[in-house]
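Examination of the molecular architecture
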Amino acid sequence: FFSRRERVRCDALLPMPAVIKIRVCSARNLPVMDRTTELTDAYITLQFADAPQLRTHVARRTLNPLWNREFRIEVADDNELQDHPLQIRCWDKDIMSSDDEIGAVTVDLNPLLLQPTQLSGWYPLYDTLRGFCGELSLVIKMDFIGDVNPFKESGAGVQFFSLAAPPAGMRLASVQGL
């Protein structure tokens, strides 16, 4: 069998389970999706990697829905946290036809791997045809099972990319590492 030193090295290679906690608070300034009422029947779906899709209730007849719904996603393999963003979509519920997507936001979870904090605030909902379609208030936390963060002193979250200029409607807040 393995010596104590070999067991410690082998344990370090095992996946570290974690729990992603998401609170979908509210949305504001959603577009009118129902021309008869000039309102929206909105709900939110959340998708992370291969986990089952999660969903809020439908907030009927409002452009500023309130959900205050909390979700937990258990992640067995911590490598998924680096490789998969959290996909959040806002939908309009339709009775006579298929539901219409209002907008979406993709949240990179890498910042939560480096600091034991939370991501919170208003995230812009974006639609490829209509552009910005309101904002979504979210709080996202991550807990590592065993209270050990294997990414604390690693290069997780380092991404390389280049842009000639910030995307339209966005501004550059800071540059790290020059």
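Please refer to the structure placed before this passage.
Anyway, here's the lowdown on the structure attached to this text.

Rules and cut-offs
Residues numbered from 1 in each chain as written. Predicted model: local features only at pLDDT ≥ 70, side-chain atom pairs only at ≥ 80, totals over all residues. Heavy atoms only, no water. Helix = DSSP H or I, 4+ residues; strand = E, 2+ residues; numbered from the N terminus. Contact = heavy atoms within 4.5 Å. Areas by Shrake-Rupley, 256 points an atom, 1.4 Å probe, with all protein chains shown as cover. Buried < 20%, exposed > 50% of the residue type's maximum accessible area, 1.4 Å probe, protein only. Lys, Arg positive; Asp, Glu negative; His and termini not counted. Salt bridge = Lys/Arg side-chain N within 4 Å of Asp/Glu carboxyl O. Phe/Tyr/Trp six-rings, centres within 6.5 Å; stacked < 30°, edge-to-face > 60°. Lys NZ or Arg CZ within 6 Å of the ring centre and 35° of its normal. Pairing = 2+ DSSP bridges.

A closer look at the overall build of the protein
- Looking only at helices and strands, the protein features 3 helices and 8 strands.
- Listed N to C, the secondary structure of the protein is α-β-β-β-β-α-β-β-α-β-β in terms of helices and strands.
- Sequence separation of at least 24 residues holds for 61% of the intrachain contacts in the protein that already meet a minimum separation of 6.
- Of the roughly 11,800 Å² that the protein leaves accessible, carbon and sulfur atoms contribute 52%.

Describing the side chain of D92
- Its place among the elements puts D92 in strand β5 (residues 86-92).
- For the buried D92, no salt bridge exists, and the shortest N-O distance to an oppositely charged side chain is 7.7 Å, to R60.
- Those residues in contact with D92, other than ones at most four positions away along the chain, are M33, T40, D41, Y43, D99, D100 and I102.

Observations concerning the environment of R69
- Take R69: it is sitting in strand β4 (residues 66-75).
- Among the residues examined, R69 registers a relative accessible area of 36% and is labelled partly exposed.
- In this structure, the C-alpha to C-alpha distance between R69 and I22, residues 47 residues apart in sequence, is 8.3 Å.
- Those residues in contact with R69 that lie beyond four places of it in its chain are I22, R23, V24, R55 and T56.

Re the packing of aromatic side chains
- Considering all chains together, one arrives at 1 aromatic pair under this definition.
- Plain terms: the ring middles of Y126 and F132 are 5.4 Å apart, the flat faces sit at 70° to each other, and that makes the pair edge-to-face.
- Residue class for Y126 comes out partly exposed when judged on its relative accessible area of 41%.
- Positioned above the aromatic ring of W122, the side-chain terminus of R28 is 3.8 Å from the ring centre.
- Taking the ring centre of Y43 as reference, the NZ or CZ of R55 above it sits at 3.9 Å.

What to know about the side chain of D94
- Here D94 lies in the loop between β5 and β6 (100-107).
- Sequence-distant contacts of D94, defined by excluding residues within four places in its chain, comprise D99 and D100.

A few points about the pairing of strand β7 (residues 118-127)
- Pairing of β7 with strand β8 (residues 131-144), which is carried by 9 bridges, proceeds in the antiparallel orientation. Note on β8: the bridge partner recorded for L119 is I140.
- In this structure, the hairpin formed by β7 and β8 is closed by a connection of 3 residues.

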